[in-house]
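A closer look at the structure
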Amino acid sequence: MNDETPIRRQYLEIKAKHQDAILLFRLGDFYEAFDDDARLLARELDIVLTSKPMGKGMRVPLAGVPHHSLERHLATLISRGHRVAICEQTSAVPVKDRDGKKLIERNVVRVVTAGTIIEPSLLDNKSNNYLAAFVSDGNRAGIAYTDITTGDFAATEIDNKDALGEISRLAPAEILITESQTELTNRELPNFVTRLSSEYFSFEKAEFTIKNHFHTKTLKPFGLENLPLAVSAAGAIISYLQETQSAISETLTRLTSYDFSTFMQLDAHTLKSLEVFESASDASLLSIIDRTNTNMGGRLLRRWLKQPLLDVTEIFRRQEHIG
């Protein structure tokens, strides 16, 4: 250990905290990966795998990408199911490490996953990119979802038998579930699944997290006071974002509850059969009626088509606003 360079020790200390992610370590104008991460990066991005001296008689595998091309490479890595920890230089002036050697401070500032992408070039501007959470007691299920690029954040509690249909409707880019979750199979889940310890979903922790985040004393402002599983799911999302996207979690400025029974339930198979969003002839319902002028309007229209209203009064109210 003493033969390793200070920067090697710094890298290993940071990597130990992010073993489930590819760690991109900022060194000057490059983000570099070492060891197994370097081999993986070279294979996935089809770039050169080389090596770097990192101590007396020690060379370690190295692969890197220029900082200005990070977005393009992130798109590839995320699309292939990887999570990426971005480690930046967090001080301009070197400080002394524990051995008295001068070293630039570095820390992971963001862990990028499919549900936490914020780069506009990596997103479909007229579609929501949802991060969802699911928890169940065997009879009832709590589901929460957010789009961190828009601040949308909502939660509901429904019968367990309806959970898969609701998740299918939301089509989240990433879903948070407990490590022991058995209600859903891998076949039924999105491609990007993040399993968390059950502590993230405990009602007590979730309730505290929500109240603390929104600076409230009760859950009443969110309509969640009698929906403990919805609280657990929403709290898990906030905790996850605070841990991996500390600055981004602050974009969640509102939380609402919604009643699953007020909408017509359309699963992914039904939406496909009705050619609501896609069609073999490229003439889907959405493509025909979408005359929205903004990305926000496009996302809203897509949401409405996924959740047809059942309440006649509300239907007429919406028509009046559109007209």
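Before going into details, it helps to say that this report is about the structure given with it. It should be emphasised that the depicted structure is a prediction, and the values quoted were computed from it without experimental measurement.

1. Remarks on unusual backbone geometry
The phi dihedral of Asp 35 is positive, around 55 degrees, even though this residue is not glycine. Here Asp 35 shows up in helix 2 (residues 35-45). In this structure, Ala 171 takes a positive phi of about 50 degrees despite not being glycine. In this fold, Ala 171 is placed in the loop between helix 4 (163-170) and strand 12 (174-178).

2. Quick look at helix 5 (residues 203-214)
Given a rise of 1.5 Å per residue, 12 residues ought to cover 16 Å, and the 16 Å separating the end C-alpha atoms of helix 5 matches this to within 8%. All buried positions along helix 5 are accounted for by Ala 206, Thr 209, Ile 210, His 213 and Phe 214. The buried residues of helix 5 occupy one face: seen down the axis, they fall within an arc of 105 degrees. Exposed side of helix 5, more than 90 degrees from the buried face: Glu 204 and Phe 208 are the residues found there.

3. A word on the sheet that holds strand 2 (residues 30-34)
Strand pairing in a sheet relies on backbone hydrogen bonds, with the paired strands running either antiparallel or parallel. Spatially, the 6 strands line up as an open sheet ordered 3-4-2-1-5-8, and their pairing is mixed. Strand pairing shows two members of the sheet lacking a second neighbour, strand 3 (50-55) and strand 8 (106-112), which therefore form its edges. When strand polarity is set aside, the average angle formed by the axes of neighbouring strands in this sheet is 40 degrees. Where strand 3 and strand 4 (residues 58-66) come together, 5 bridges link them in antiparallel fashion.

4. What about the nonpolar core?
Soluble globular proteins tend to pack their nonpolar side chains together in the buried interior. Within the largest apolar cluster, 30 residues are counted, with the highest numbers of intra-cluster contacts made by Phe 153, Leu 176, Phe 201, Ile 210, Ile 237 and Leu 255. If you list the elements that add at least two residues to this core, you get strand 9 (131-136), strand 11 (152-159), helix 5 and helix 6 (228-244). Ranked by residues supplied to this core, first place goes to helix 6 with 10 residues. Non-local contacts of Leu 176, meaning those with residues more than four positions away in its chain, are made with Leu 131, Ala 132, Ala 133, Phe 134, Thr 194, Leu 196, Phe 201, Ala 236, Ile 237 and Tyr 240. Counting 21 residues, the second largest nonpolar core, distinct from the first, contains Leu 24, Ala 42, Leu 74 and Val 112.

5. Looking at the pattern of salt bridges
The full count for this structure, using the stated rule, is 15 salt bridges. Asp 35 is paired through a salt bridge with Arg 8; the nearest N and O atoms lie 3.0 Å apart. Residue Asp 35 is located in helix 2, and its partner Arg 8 is located in helix 1 (residues 6-15); the two are separated by 27 residues in the primary sequence. The partner of Arg 110 in a salt bridge is Glu 119, and the shortest N-O contact between them spans 2.7 Å.

6. With respect to the sheet that holds strand 12
Taken in spatial order, the 6 strands make up an open sheet running 13-12-9-10-11-14, and their pairing is mixed. Looking along the sheet, the strands with just one partner apiece sit at the ends: strand 13 (192-196) and strand 14 (256-257). Together, strand 9, strand 10 (140-147), strand 11, strand 12 and strand 13 form the strand contacts of helix 6, whose direction differs from that of strand 10 by roughly 35 degrees.

7. A few points about the pairing of strand 5 (residues 84-89)
Extensive coverage of strand 5 is indicated by the burial of 5 of its 6 residues. Strand direction decides the pairing type here: strand 1 (residues 22-27) and strand 5, joined by 4 bridges, are parallel. If you follow Leu 23 over to strand 5, its bridge partner there is Ala 85. Sheet topology note: the strand 5/strand 8 ladder contains 6 bridges and is antiparallel. Each bridged residue has a counterpart across the sheet, and for Ile 86 the counterpart in strand 8 is Arg 110.

8. Here we look at helix 9 (residues 295-306)
With 12 residues, helix 9 should cover 16 Å at 1.5 Å per step; its first-to-last C-alpha distance of 17 Å lies within 8% of that length. Gly 298, Arg 299, Leu 301, Leu 305 and Lys 306 are the residues of helix 9 that are buried. Axial view of helix 9: buried residues confined to an arc of 160 degrees, hence all on one face. The N-cap residue of helix 9 is Thr 294: its side-chain oxygen and the backbone nitrogen of Gly 297 are 3.0 Å apart.

9. Overview of the side chain of Arg 106
By the secondary structure assignment, Arg 106 is in strand 8. No salt bridge forms around the buried Arg 106; measuring N to O, its nearest opposite-charge neighbour Glu 88 is 8.1 Å away. Of the polar contacts made by the side chain of Arg 106, one reaches the side chain of Gln 10; its length is 3.1 Å. A distance of 2.8 Å separates the side chain of Arg 106 from the backbone oxygen of Arg 26, its partner in a polar contact. What Arg 106 contacts, discounting residues up to four positions off in sequence, is Ile 7, Gln 10, Ile 14, Phe 25, Arg 26, Leu 27, Cys 87, Glu 88, Gln 89 and Thr 90.

How each quantity is defined
Residues numbered from 1 in each chain as written. Predicted model: local features only at pLDDT ≥ 70, side-chain atom pairs only at ≥ 80, totals over all residues. Heavy atoms only, no water. Helix = DSSP H or I, 4+ residues; strand = E, 2+ residues; numbered from the N terminus. Expected span 1.5 Å × (residues − 1). Buried < 20%, exposed > 50% of the residue type's maximum accessible area, 1.4 Å probe, protein only. Arc of directions from axis to C-beta. Pairing = 2+ DSSP bridges. Axes fitted to C-alpha atoms, helices over the stretch in contact; angles between N-to-C directions. Core = buried A, V, L, I, M, F, W, Y, C linked by side-chain atoms within 4.5 Å. Contact = heavy atoms within 4.5 Å. Salt bridge = Lys/Arg side-chain N within 4 Å of Asp/Glu carboxyl O. Polar contact = N/O pair within 3.5 Å; in protein donor to acceptor, adjacent residues only side chain to side chain. Lys, Arg positive; Asp, Glu negative; His and termini not counted.

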